[in-house]
Amino acid sequence: MSRLLITDAHLLHPETGTRTEAGWIEVADGRIAATGTGRPPAPGEAVRVLPVNGATVLPGLVDAHVHLLVTSLDLVDAASWTPGYATVRALAEAGRMLRRGFTTVRDVGGADHGMARALAEGLALGPRLIHGGKALSQTGGHGDLRPLGEEALPCCESRPNFARIADGVDAVRAAARDEFRKGAAHLKVLVSGGVASPHDEIAAVQYSEEELRAAVEEAGNHNRYVTVHAYHPRAVERALRAGVRCVEHGNLLDDATLRLLVEKDAFLVPTLVAYEQTAKLGARSGLPESSRRKLTEVRDAGLATLERAHRAGVNLVFGSDLLGPLHPAQPTEFLLRAEVQPAADVIRSATTTAARLLGLEGEIGTLAAGAHADLLVVDGDPLADLGVLADPERRLRHVVKAGAVV
Ligand code: ZN
Ligand code: ZN
């Protein structure tokens, strides 16, 4: 039975948005056993004591929008990778995410059950991986990356790719069932145009309401949920009416759609840092001119929409959506959100609210007894300065996953 006692630590509780006086946290068998302030309990035998000299301990962070498998922006090079090589690269990135303080990530396109298994078995170091297999795209949708000169359908499930094509109610059902067969914890459906896809407009609506209802029904049958990639009110309204539970991006949403999100108790996962970072790269991102135009369109609106969503009381969850060489910027999403939200709310988006989205309330994102002992030890007070979480190289002292110090 492995035991750990962290002492002389300020405990940050996301639920209340408070940070205690110096206290302690006791871990046994990968779970939080007890916490308190003041004098720590006497350590029993075989307890590792970790005094942290006034540092802050908070729950490990959740990034609810990653693509572990997309480790390069060079699509020509990536086309020559074998699935094995692509997976090794993805798991290496998973290790780096853990060292940035993310102890749980939700993959919304690309990661598979083999990667989740390798991480769960400790074959590779990384966060808990909640995967949704491949996203569903209609022909010509955000996941259809064929050059216009190519007629053949992209060949499909065996190839490392973030999406698969499914058109029509029956095909959507079959694809959804196939992803759930392979252990998907959620189903991602692409319902509006996107930045990286070469042939669709952001304003396009993808998938009919009937197809979306089929996806939602299949997810419900499996006790799972559907999340959608979408930017604008038309696509999001259709998705929410069909019973979708979560929306990714949402940069162009108006107040009526934000109210509908609240009414449905649905979740929104903005991914502002992806646009910031891609815009910085400019032409070096490898994105064609058409994509860079679309990038400007959504980037300019993103922060203001987040502010309105926050005021409206939408369930907001932390996401980054960074690809390839942009991954190191993952925690700087905290700084962007800090511009329009109080620190405590931003921290909840990456802990308690994220846990609720994942159906892991009380299991992750909290210091409550019984939760997985996924913990960060940081220098400084993230409630006073979110820069603490945005700069893991200098501020993050220890990452603890399932009670083990990484
Ligand atoms: Zn997307
Ligand atoms: Zn994405």
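The structure displayed is predicted, hence computed values, not measured ones.

Novice: Would you mind going over the coordination of the zinc ion (ligand 2) with me for this structure?
Specialist: By definition of the ideal shapes, a tetrahedral metal site with four donors has angles of 109.5 degrees and an octahedral site with six donors has angles of 90 or 180 degrees. On the protein side, the zinc ion (ligand 2) has His65 (NE2), His67 (NE2) and Asp321 (OD) as donor atoms, found 2.0 to 2.2 Å from it. Along the chain, the residues donating to the zinc ion (ligand 2) are arranged with the sequence spacing H-x1-H-x253-D. For the pair the zinc ion (ligand 2) and the zinc ion (ligand 1), the metal-to-metal distance amounts to 3.6 Å. Within this pair, whereas histidine 67 is found in the loop between β5 (61–66) and α1 (75–78), its partner aspartate 321 is found in the loop between β14 (315–316) and α10 (333–338), the two being separated by 254 residues in sequence. With respect to class, histidine 67 is no different from aspartate 321; both count as buried.

Novice: Explain the environment of valine 169 to me, please; I cannot follow it from the model alone.
Specialist: Examined against the element boundaries, valine 169 turns out to sit in helix α4 (residues 169–181). Residues valine 169 and aspartate 254 lie 85 residues apart in sequence; the distance between their C-alpha atoms is 29 Å. For valine 169, the residues in contact, after removing those within four places along its chain, are Glu210, Glu211 and Ala214.

Novice: Can you help me understand the side chain of histidine 249 in this one?
Specialist: Position of histidine 249 among the secondary structure elements: in strand β12 (residues 246–249). Engagement of the side chain of histidine 249 in a polar contact is seen with the side chain of histidine 229, the distance being 3.1 Å. Setting aside residues up to four positions removed in sequence, histidine 249 forms contacts with His65, His229, Ala230, Tyr231, Leu268, Val269, Pro270, Thr271, Tyr275 and Asp321.

Novice: When you look at the packing of helix α5 (residues 209–221) against helix α6 (residues 233–241) in this model, what are you seeing that I'm missing?
Specialist: Think of two packed helices as two axes; the pair is described by the angle between the axes and how far apart they sit. Two elements in contact, α5 and α6, have axes whose closest approach is 9 Å; the angle formed by their N-to-C orientations is 45°. As summarised for this structure, α5 and α6 are arranged oblique, according to the angle between their axes. The way α5 lies across α6 gives a crossing that is right-handed. Residues Glu209, Leu212 and Arg213 of α5 touch α6, and the partners they reach there are Arg238, Ala239 and Arg241. Tallied by class, residues from the contact of α5 with α6 come to two nonpolar, no polar and four charged.

Novice: Mind showing me how you'd approach the domain arrangement of the protein here?
Specialist: Put simply, an interface is often sized by how much accessible area is lost when its parts join up. We note that the domain assignment places domain 1 (3–60 + 366–405) and domain 2 (61–357) within the protein. The straight-line distance from the C-alpha centre of domain 1 to that of domain 2 is 30 Å. Residue-level contacts link 23 residues of domain 1 with 25 residues of domain 2. Where domain 1 abuts domain 2, roughly 1800 Å² becomes buried across the two surfaces, and 71% of that area is made up of carbon and sulfur atoms. Along the contact surface separating domain 1 from domain 2 lie one salt bridge. The shortest N-O distance in the salt bridge between arginine 128 and aspartate 374 comes to 2.7 Å. The interface formed by domain 1 and domain 2 includes five residue pairs in polar contact (both at pLDDT 80 or more). Within the residue set of the side of domain 1 that touches domain 2, elements represented by two or more residues are β4 (47–59), α13 (387–390) and β16 (396–401). It is β16 that provides the largest number of residues to the side of domain 1 that touches domain 2, a total of four residues. Looking at the side of domain 1 that touches domain 2 residue by residue, the class counts come to 15 nonpolar, five polar and three charged.

What counts, and where the lines are drawn
- Residues numbered from 1 in each chain as written.
- Chains lettered and ligands numbered in written order.
- Predicted model: local features only at pLDDT ≥ 70, side-chain atom pairs only at ≥ 80, totals over all residues.
- Heavy atoms only, no water.
- Donors = N, O, S within 2.8 Å, 3.2 Å for Na, K, Ca; no water.
- Helix = DSSP H or I, 4+ residues; strand = E, 2+ residues; numbered from the N terminus.
- Buried < 20%, exposed > 50% of the residue type's maximum accessible area, 1.4 Å probe, protein only.
- Contact = heavy atoms within 4.5 Å.
- Polar contact = N/O pair within 3.5 Å; in protein donor to acceptor, adjacent residues only side chain to side chain.
- Axes fitted to C-alpha atoms, helices over the stretch in contact; angles between N-to-C directions.
- Parallel < 35°, antiparallel > 145°, perpendicular 65-115°, else oblique.
- Left-handed = near helix turned anticlockwise from the far one by under 90°.
- Nonpolar A, V, L, I, M, F, W, Y, C, P; charged D, E, K, R; others polar.
- Domains from an automatic or database assignment.
- Buried area = accessible area lost by both parts, 1.4 Å probe.
- Salt bridge = Lys/Arg side-chain N within 4 Å of Asp/Glu carboxyl O.

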